[in-house]
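# Observations on chain architecture
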Amino acid sequence: MSSPPYNALTLYTAGTPNGLKPVLILEELGLKYDVKPINIMTNEQKQDWYLDINPNGRIPALKDGDLRVFESAAIMLYVTDLYDKEKQFTYDYGTALYYEMLSWIMFQMGGIGPMQGQANHFRAFAPVYSAYGIKRYTDETKRLYGVLEIRLSKSDWLAGDKYTIADMANYSWTRGGPMLDIDMSEFPGVQKWLKRIEDRPAVQKARKIPDTGRSEEDIQKMIAGAKARVDALMGTAKDETVKDEL
Ligand SMILES: N[C@@H](CCC(=O)N[C@@H](CS)C(=O)NCC(=O)O)C(=O)O
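This is a predicted model, so every value here is computed, not measured.

Examined at the domain level, the chain breaks down into domain 1 (9-83) and domain 2 (96-231). Computed from C-alpha atoms alone, the centre-to-centre distance between domain 1 and domain 2 is 19 Å. Of the residues lining the interface, 22 residues belong to domain 1; the matching set on domain 2 comes to 22 residues. When domain 1 packs against domain 2, close to 1,800 Å² is buried across both sides, 75% of that on carbon and sulfur atoms. Summed over the shared surface of domain 1 and domain 2, the number is two salt bridges. Note that Glu 27 and Lys 205 form a salt bridge whose closest N and O atoms lie 3.2 Å from each other. Elements supplying a minimum of two residues to the side of domain 1 that touches domain 2: α1 (17-28), β2 (33-37) and α3 (72-83). Here the side of domain 1 that touches domain 2 takes nine residues from α1, the largest share from any one element.

Structure (structure tokens):
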């Protein structure tokens, strides 16, 4: 069997922070790829055919011919390793900057992603109102934004002096800070970096993939509705507030 790349890319994704990450690099490189939207509302990602591609039953996943890659950062690394020959959005493997980039990617995968994901869950999707859960995960998300701020108050980009997949990975999540009512003006370096990234044509295109037919306004309304549903549980039997621990 020949070695990759196979130039036969299919991305399985949805309109979520992790779902956006691979789209950002695929679009920057102008690669040809098919998109298979996965409906996570109906648990399509738990179906047997999909578990063959991603045994973790989550989006995103990538196929290149018969080869599969799962976990969003693994997909970004696969795409840059195999398709970014000029190293436009990565660094040469084995160099100091490569490991600096990898560190910021892991920071997102092990920190911002899981913590902000839990904060979003407690704030907008939980079947109970848990002030403890909201506070714990929102505070940790803010602490992590503070770590980004230390770097971005002194530098335009996370790793070295160019836009890399480390910026893309962290951007996908931090752009959603306002959903947690995080005051982004507390992080001015992060705010400027978000704007720098948002202005890129490839980013604007990527944000419309997969095409859900929903405008930004519709998405904001949906989030506001979800938060109102959780708020309405406050003070009811589904309120798990543990006031002493706050
Ligand atoms: N560590 C995984 C996380 C993937 C993940 O949590 N994806 C979410 C959407 S952002 C998902 O598939 N949720 C549906 C589910 O949990 O079944 C990655 O980075 O790819």
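Close to the ligand lie Thr 16, Asn 18, Gln 45, Lys 46, Gly 57, Arg 58, Ile 59, Pro 60, Glu 71, Ser 72 and Met 109. A distance of 3.1 Å separates an oxygen atom of the ligand from a polar side-chain atom of Arg 58. Here Ser 72 contributes a side-chain N or O atom positioned 2.6 Å from an oxygen atom of the ligand. Its residues placed into classes, the shell around the ligand shows three nonpolar, five polar and three charged.

Bringing the sheet that holds strand β1 (residues 9-13) into the picture now. The strand order β2-β1-β3-β4 describes an open sheet built from four strands, whose pairing is mixed. Both outer strands of the open sheet, β2 and β4 (67-70), are each paired with one neighbouring strand and no more. Pairs of neighbouring strands in the sheet enclose a mean axial angle of 20 degrees, with direction left out of account. In the sheet, strand β3 (residues 61-64) pairs with β4 via four bridges, with the strands oriented antiparallel. Its bridge partner lying in β4, Ala 61 is registered against Phe 70. Across the sheet, α1 lies against β1 and β2, angled at about 150 degrees from β1, the strand it touches most. Against the sheet, α3 engages β1, β3 and β4, with an angle of about 130 degrees to β4.

Reading the values: rules and limits
- Residues numbered from 1 in each chain as written.
- Predicted model: local features only at pLDDT ≥ 70, side-chain atom pairs only at ≥ 80, totals over all residues.
- Heavy atoms only, no water.
- Domains from an automatic or database assignment.
- Contact = heavy atoms within 4.5 Å.
- Buried area = accessible area lost by both parts, 1.4 Å probe.
- Salt bridge = Lys/Arg side-chain N within 4 Å of Asp/Glu carboxyl O.
- Helix = DSSP H or I, 4+ residues; strand = E, 2+ residues; numbered from the N terminus.
- Near = heavy atom within 4 Å.
- Polar contact = N/O pair within 3.5 Å; in protein donor to acceptor, adjacent residues only side chain to side chain.
- Nonpolar A, V, L, I, M, F, W, Y, C, P; charged D, E, K, R; others polar.
- Pairing = 2+ DSSP bridges.
- Axes fitted to C-alpha atoms, helices over the stretch in contact; angles between N-to-C directions.

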